[in-house]
Amino acid sequence: MNRLDAIRGTTPGQDHNARSIAALAANPACDRRAVLDAAAIDKPRLMRRLRFDDRWGQSPFAIQRNQQFTDLVKANGAAHLLRLLRTLLDLPIEEAGYVNLEDAGGNEGHVARHGHTRRIIRQTAEGRGRATILDRPLLRLDVAGAQVYLEPDVIAFQLGGRFHIVAIKSFAIVDDQADTPKVSAAAREAAVYVHALRDLVGRDLVSHDVILVCPRDFTNEPTATTVDVRHQLVTLARQLSRLTRIDTILDRLPAGLSLDVDALPAAQIEAAVAAIPARYAPQCLSACELSHLCRREAHDLGHLDALGRIVRDDLGGIESVQTALRVATPGEPVADDQAEIAERLRHVARLYDEAVA
Amino acid sequence: MGKLRKAIRQATTAGRHAEARALRARLREAERQWDAEVEQPATQPPLVPVREQVHRALTLLGAPTAAKMIVAVDESFFGGQMANTQLTSLRRDEEKSYRSAPGARPYYLCAALTSELLSPARGLLALSTWGLPQRIIGPLSPRTDFLTSAVRLAEHLMRLDDASPGAFRLLGQLAQNIPGAGDGFGPADPAKVIAAAGAELAVHQERDQMDRREAAARAADRLGPVERLFGSGVKTVRSA
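Sequence order sets the numbering: in each chain, residues are counted from 1 along the sequence as written. Chains and ligands are labelled by the order in which they are written, letters from A for the one and numbers from 1 for the other. With the structure being a predicted model, the display of local features is reserved for residues of pLDDT at least 70 and the display and counting of side-chain atom pairs for 80 or more, all residues being used for whole-chain, interface and lining totals. Only hydrogens and water are set aside; all other atoms, that is, all heavy atoms of the structure, feed into the side-chain values.

Undergrad: Hey, could you go over the domain arrangement of chain A for me, with residue numbers and the actual values?
TA: When cut into domains, chain A gives domain 1 (3-57 + 245-314) and domain 2 (60-241). Distance from the C-alpha centre of domain 1 of chain A to the C-alpha centre of domain 2 of chain A: 30 Å. Residue ranges for the domains originate in an automatic or database domain assignment.

See below:
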């Protein structure tokens, strides 16, 4: 049993998905998120245990709607998808193979499914298979020293051509226009899959154009477009490489630290979470389950992080609100490296006082 | 009832309480009768059991099919009213029945087998009376099965004199994904669907049949009678 398993304890782990990796990559300096993700800790469960509101993440209705639309696109041997790929990629009629990788001979374990996926993808890449549409493959990605399994909706393969990641999303494309934040979130997620697939078969074989399948206009009929994710790929690769190696973080943690959600009392878990340093930013609220806990902590300790990244960067070198206030007060002794900031703060304080007076 | 209510109002305002009480009793009686007449007769349980309904739909489709499609075909071609949920445990029940008394039923609803590992293909139902190659799912089989089913539904529609609009709508939905079979608007033309699906089928059929025959030979060689119907792998129930 390694250190990460020891931290998780007997509680069953939680799987990663592209969404969580995108969130992890969004805040690479946060040790807390890195450790919890690497140890595969069930974060919603942890938050429930610490009596925080667990209403976080996608609404069940959104998830259900997405599932229904995905089922529609994949029905009858992915007939809809095949039609869309034929127009989009000029896929010849002969290429119509469909392989479901949801289980490997009845075995639904990750290792078996990943092995099966890898074998089929290799065969396909070498031109020995007949698969054009690979349904629910299981890829693996190395994130900060931890192995993460990822499940894209579909991988499409064109003979003599390249692999394409297909993302099936349930937001509508109306008049060839879709909601920009939703498209970019889908692109970020798809970029994680492209990255993982490139790890497996090599850079050149995986297209950077992702195929996005969405309902058209106000109907339930699927339509497809390509989305270029080169930009997202570059960002993701940089973030992943910047992620602090998990071993060095673990070395800094107190020995015997455990986050066994089911076994330990809540107070002990809370202390253990507090022992792992976090890097809170208001952006976390839309990406991380633990954000409410980190926000409360940042508020309680008067961390500048709670005021946003811009304020934190502007006041580089000052950690807390109290320090900032003290430095801003004329006549208080100031350390040499804070002199410049102190001058600016005092100037702002003077302006503020004049305006208020 | 309106008249009775009026009479009750008049009696109450005039202070004739005994009369009002009697009128109220008559009103309640009238309401009960009205309720009984308006009430719909309780929905009859289907005359055909679910497994018969599935058998009927599968015989028409002629290929291993997912539960959702079976329900849709049953509804639009046979007027059946199955729910998706009724089909979820069907395969397992059939397997139990087969294990306890092999061959006691004229047919069993069984699994389709994946060509690679001969494991049960997810979500598909098949008939035990079909030959083994027909129940094998190779890479091209989902497509050929889809096309075969579309052709068979279209042929059936041409035989019927009074097909339901639902049946045409279902065929239209299938035709939408077959190149050259229809534009997706209005009812589908069965003859056009047959021609278009036949044309695409001709492209895939030879390679698909080769895969299927090869896997079927392997299955006949390696699998016992139960596995041949319900697939090999960890998911088959041991004589439960």
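We are not done yet, so read on.
Undergrad: Describe the sheet that holds strand β1 (residues 65-66) of chain B, with residues and values.
TA: Strand pairing in a sheet relies on backbone hydrogen bonds, with the paired strands running either antiparallel or parallel. Residue and element names in this part refer to chain B. Following DSSP output, two strands are said to pair if at least two bridges run between them. Numbering of helices and strands starts at the N terminus; helices are DSSP runs of H or I of at least 4 residues and strands are runs of E of at least 2. Here we have three strands laid out as an open sheet, ordered β1-β4-β2, and antiparallel in their pairing. Both edges of this open sheet fall to β1 and β2 (109-110), since each of them pairs with a single strand only. Relative to strand β4 (residues 124-127), β1 is paired through two bridges, and the arrangement is antiparallel. Each residue of the ladder has a partner; that of Ala 66, found in β4, is Leu 124.

Undergrad: Just give me the short version of the nonpolar core, but keep the residues and values in it.
TA: All names here are of chain B. The biggest cluster of nonpolar side chains holds 46 residues, and the ones touching the most others in it are Val 54, Ile 70, Val 73, Leu 87, Leu 153, Ile 178 and Val 193. Tallying contributions element by element places helix α6 (residues 141-159) first for this core, with seven residues. Whether two residues are in contact is decided by their heavy atoms, any of which lying within 4.5 Å being enough. Ile 70 has contacts with Val 54, Ala 57, Leu 58, Leu 61, Thr 65, Met 82, Leu 87 and Leu 125, leaving out every residue within four places of it along the chain. We define a nonpolar core as any set of buried Ala, Val, Leu, Ile, Met, Phe, Trp, Tyr and Cys residues linked to one another through side-chain atoms lying within 4.5 Å. In this scheme, a residue with accessible area under 20% of its type's maximum is buried, one over 50% is exposed, and one in between is partly exposed, where area comes from a 1.4 Å probe on protein chains only.

Undergrad: Provide a residue-level description of the interface of chain A and chain B, including the pertinent values.
TA: With 26 residues of chain A in contact, the opposing surface of chain B contributes 24 residues. Buried area is understood as the total, over both parts, of accessible area removed when two parts are fitted together, assessed with a 1.4 Å probe. A combined buried area of about 2,200 Å² lies between chain A and chain B, and 52% of that area is made up of carbon and sulfur atoms. Contact with chain B buries surface across chain A, with Asn 76, Gly 105 and Arg 130 of chain A losing the most and accounting together for 28% of the total. When a carboxyl oxygen of Asp or Glu lies within 4 Å of a side-chain nitrogen of Lys or Arg, that pair is called a salt bridge. Connecting chain A to chain B are four salt bridges.

Undergrad: Any details on the sheet that holds strand β6 (residues 163-168) of chain A? Residues and values, ideally.
TA: Residues and elements named next belong to chain A. Strand order in the open sheet formed by six strands is β1-β2-β5-β6-β7-β8, with mixed pairing between adjacent strands. The outermost strands of the open sheet, each flanked by one partner alone, are β1 (98-100) and β8 (222-228). On average, each strand axis in the sheet is inclined to that of its neighbour by 25 degrees, with strand direction left out of account. Here β1 runs beside strand β2 (residues 133-135); their pairing, made up of three bridges, is parallel. Within the sheet, the bridge partner assigned to Asn 100 lies in β2 and is Asp 135. The convention used is that axes are lines fitted to C-alpha atoms, helices contributing only their stretch in contact, and that angles between N-to-C directions extend from 0 to 180 degrees. Lying on the sheet, helix α7 (residues 180-201) is in contact with β5 (154-157), β6, β7 (209-215) and β8; it crosses β6 at an angle near 150 degrees.

Undergrad: Account for the pattern of salt bridges, naming residues and giving values.
TA: It is possible for side chains of opposite charge to pair when their charged atoms get near one another. This structure, assessed with the given rule, holds 32 salt bridges over all chains. Between Arg 312 of chain A and Asp 313 of chain A there is a salt bridge, with the nearest N and O atoms lying 3.8 Å from each other. Arg 312 of chain A gets classed as buried once you look at its relative accessible area, which sits at 17%. What makes Asp 313 of chain A exposed here is its relative accessible area of 55%. Ionic pairing is found between Arg 105 of chain B and Glu 94 of chain B, a salt bridge with its closest N-O pair at 2.9 Å. Of this pair, Arg 105 of chain B sits in the loop between α5 (90-100) and β2 while Glu 94 of chain B sits in helix α5, and the two are eleven residues apart along the sequence. Look at Arg 105 of chain B and you get partly exposed, because its relative accessible area is 33%. One salt-bridge network, held together by shared partners, links Glu 102, Asp 103, Arg 113, Arg 136 and Glu 151 of chain A together with Arg 122 of chain B.

Undergrad: Any details on a nonpolar patch on the surface? Residues and values, ideally.
TA: All names here are of chain A. Candidate patch residues must exceed 30% relative accessible area and have no salt bridge, after which like charges are joined if within 9 Å and Val, Leu, Ile, Met, Phe, Trp or Tyr side chains if within 5 Å. Here the open area of atoms and residues is found with the Shrake-Rupley method and a 1.4 Å probe, where only the protein chains shown may cover a residue. On the surface, Leu 307, Val 321 and Leu 325 cluster together into a nonpolar patch covering about 270 Å² of accessible area. Position of Val 321 relative to the elements: it lies in helix α13 (residues 321-328). Looking at Val 321, the relative accessible area reads 30%, which means it is partly exposed.

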